[in-house]
Amino acid sequence: MRERIAEGASVFRRRHTKGVLCALVGAALWGFSGACAQFLLANYDITPSFITAVRMLGAGALFLAVLVVRNRAQLRAMLGDRRTVGQLAVFGGVGLFLCQITYTIVIGYTNAGTATVLQTTGIAFVMLATCLFMRRLPRMREIVGLVAAVAATWLIATQGDPSALSLPLVGLIWGIANGLSVAFYIMYPKKLFARWGSFAVTGLGMLAGGVVATAVYFGGAAFGQPLALPALDAAGLLVFAAFIVIGTFAAFALYLHGVSVVGSVQGSLLGAVEPVSATVFSALWLATAFTGADLAGCALMIAMVFLVTTEDPAASQEAVLEERECADKRA
């Protein structure tokens, strides 16, 4: 009996470690996507709404192509289930798309640093919702991890200067909406992940979100938004392709698979490494200089990752199982 328990704990530990690595790599690739977006916006006449539509639709098409080749029977089963189709539409059209578009809106009303700080409210929303559904208080590791993640993001995004935060009321409202959309797309698909797997759900959700983003882009013509295609040279096309394949397709596939393994709370905390990754990629690729605030933020984020991933395996397994049971009851 003891050997079986020890073997089960060992299997869970290996699976949990892989989930942590997937979430970290996926979040790091979001940082790469941020550097890609910065490059495109700085060097070409291109709009954020066009970038959002193309990246989501392109990544969704890649997911679909893989599913057609490798999991055609599963794809038919998913598309033949009306409830699943409706849930995928909500996940993609509400969760994934709103996460992208509200972040862009916040930047418009504030600035990129403020928007990044406000986006970390999603971690708090995930933690609050999980604790409410599971009827428990936040664990000390979760609280300390949240504080470290927010502090690190604030240091990196504002360089430690409070005056860099631009918080008009409308920007704050959209920032909270962005945090809620982040929490929603992390927590909503749990039941879908359990039934169909994270890859297929993420892929079809991304495709649904891409359709919505494209409709919104073309709908912008009614408000005077120019719809001319941007003129991209070879470098621009290469960066855009990397943006879609690496910064969107691979990033979301890895991150949401990690979340499906480690749970919403730990997954949302691990996702906070994005600004660290964006800072590193900007420094290495776009020649943005590291500062003392960047280094302090990176150190805090590394401490947070170490804190939330070194929990006792039994406690981690219990937390994940409890979260899945709560998801089953809500479904």
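Summary of the structure given here. Since the model is a prediction, treat every value here as computed from it, not as a measurement.

1. Notes on the overall build of the protein chain
Scanning the protein chain from N- to C-terminus turns up 15 helices and 0 strands. The burial tally for the protein chain puts 47% of its 331 residues in the buried class. The contacts in the protein chain between residues at least 6 apart in sequence include a share of 87% that link residues at least 24 apart. Carbon together with sulfur atoms contributes 69% to the accessible area of the protein chain, which is approximately 15,700 Å² in total.

2. What about the environment of threonine 309?
For threonine 309, the location among the structural elements is in helix α14 (residues 292-309). Once residues lying within four places of it in the same chain are set aside, the contact partners of threonine 309 are Val20, Gln266 and Leu270.

3. Quick look at the layout of surface pockets
Taken as a whole, the largest pocket holds about 1,200 Å³ of empty space. Together, 45 residues line the largest pocket, and Gly34, Tyr103, Thr116, Glu274 and Ala278 are the ones closest to its centre. A total of 7 residues in the lining of the largest pocket trace back to one element, the largest contributor, which is helix α1 (residues 2-43). The residue makeup of the lining of the largest pocket, split by class, is 24 nonpolar, 18 polar and 3 charged.

4. Notes on the packing of helix α2 (residues 48-70) against helix α4 (residues 82-109)
Two elements in contact, α2 and α4, have axes separated by 10 Å at closest approach and are oriented at 160°. Considering the angle they form, α2 stands roughly antiparallel to α4. In terms of crossing hand, the pair formed by α2 and α4 is right-handed. On α4, the residues that touch Pro48, Thr52, Arg55 and Met56 of α2 are Leu96, Phe97, Gln100 and Thr104. Residue composition of the contact of α2 with α4, grouped by class: 4 nonpolar, 3 polar and 1 charged.

5. A few points about the packing of α2 against helix α11 (residues 234-262)
Orientation of α2 relative to α11, taken along the N-to-C sense of each, is 60°, at an axis distance of 9 Å. Regarding the angle of α2 to α11, the classification is oblique. For the pair α2 and α11, the sense of crossing is right-handed. In this structure, α2 contributes Phe50, Ile51, Val54, Arg55, Gly58, Ala59, Leu62, Phe63 and Val66 to the contact, and α11 contributes Phe240, Phe243, Ile244, Val245, Gly247, Thr248, Phe249, Phe252 and Ala253. Tallied by class, residues from the contact of α2 with α11 come to 14 nonpolar, 3 polar and 1 charged.

6. Quick word on the side chain of threonine 202
Checked against the element boundaries, threonine 202 lands in helix α10 (residues 198-219). Side-chain polar atoms of threonine 202 contact the backbone oxygen of serine 198, separated by 2.7 Å. Discounting residues that sit within four places of it in the chain, threonine 202 has contacts with Phe63, Phe91, Leu96, Phe193, Phe252, Ala253 and Leu256.

7. Considerations on the pattern of salt bridges
Going through the model one piece at a time under the given rule, you end up with 3 salt bridges. Close ionic contact of aspartate 81 with arginine 195 constitutes a salt bridge, the shortest N to O distance being 2.9 Å. Here aspartate 81 is found in the loop between α3 (72-79) and α4, whereas its partner arginine 195 is found in helix α9 (residues 190-196), with 114 residues between them in sequence. The exposure class of aspartate 81 is buried, given its relative accessible area of 18%. Taking relative accessible area as the criterion, arginine 195 reaches 53% and is therefore assigned exposed. One salt bridge in this structure joins arginine 139 and glutamate 142, with 3.4 Å as the shortest N-O distance. Arginine 139 sits in the partly exposed class, given a relative accessible area of 24%. Given a relative accessible area of 9%, glutamate 142 falls into the buried group. What emerges from the salt-bridge pattern is a single network uniting Arg136, Arg139 and Glu142.

8. Regarding helix α6 (residues 121-134)
Between its first and last C-alpha, α6 extends 20 Å over 14 residues, near the 20 Å set by a 1.5 Å rise per residue. Residues Gly122, Ile123, Val126, Met127, Ala129, Thr130, Cys131 and Met134 constitute the buried set of α6. Looking at the residues trailing α6, positive phi occurs at arginine 135, about 55°.

9. Regarding the environment of isoleucine 246
With respect to the helices and strands, isoleucine 246 occurs in helix α11. A relative accessible area of 35% means that isoleucine 246 is categorised as partly exposed. Taking the C-alpha atoms as reference, isoleucine 246 lies 8.7 Å from tryptophan 30; in sequence the two are 216 residues apart. When neighbours within four sequence positions are excluded, isoleucine 246 is seen to be in contact with Leu29, Phe32 and Ala251.

10. A word on the packing of aromatic side chains
Counting across every chain of the model gives 12 aromatic pairs. Arranged with centres 4.9 Å apart and planes meeting at 20°, the rings of phenylalanine 184 and tyrosine 188 form a pair that is stacked. Residues phenylalanine 199 and phenylalanine 249 carry aromatic rings whose centres are separated by 6.2 Å and whose planes lie at 90° to one another, so their mutual orientation is edge-to-face. Within this pair, whereas phenylalanine 199 is found in helix α10, its partner phenylalanine 249 is found in helix α11, the two being separated by 50 residues in sequence. On the basis of relative accessibility, which here comes to 28%, the residue phenylalanine 199 falls in the partly exposed class. Each member of the aromatic cluster is reached from another via a ring pair, and the members are Phe50, Tyr217, Phe218, Phe240 and Phe243.

Cut-offs applied
Residues numbered from 1 in each chain as written. Predicted model: local features only at pLDDT ≥ 70, side-chain atom pairs only at ≥ 80, totals over all residues. Heavy atoms only, no water. Helix = DSSP H or I, 4+ residues; strand = E, 2+ residues; numbered from the N terminus. Buried < 20%, exposed > 50% of the residue type's maximum accessible area, 1.4 Å probe, protein only. Contact = heavy atoms within 4.5 Å. Areas by Shrake-Rupley, 256 points an atom, 1.4 Å probe, with all protein chains shown as cover. 1 Å grid on protein atoms, 1.4 Å probe; cavity = no way out; pocket = protein on both sides within 12 Å on 5 of 7 lines; lining within 4 Å. Points joined across faces, edges and corners; volume = space filled by probe spheres on them. Nonpolar A, V, L, I, M, F, W, Y, C, P; charged D, E, K, R; others polar. Axes fitted to C-alpha atoms, helices over the stretch in contact; angles between N-to-C directions. Parallel < 35°, antiparallel > 145°, perpendicular 65-115°, else oblique. Left-handed = near helix turned anticlockwise from the far one by under 90°. Polar contact = N/O pair within 3.5 Å; in protein donor to acceptor, adjacent residues only side chain to side chain. Salt bridge = Lys/Arg side-chain N within 4 Å of Asp/Glu carboxyl O. Expected span 1.5 Å × (residues − 1). Phe/Tyr/Trp six-rings, centres within 6.5 Å; stacked < 30°, edge-to-face > 60°.

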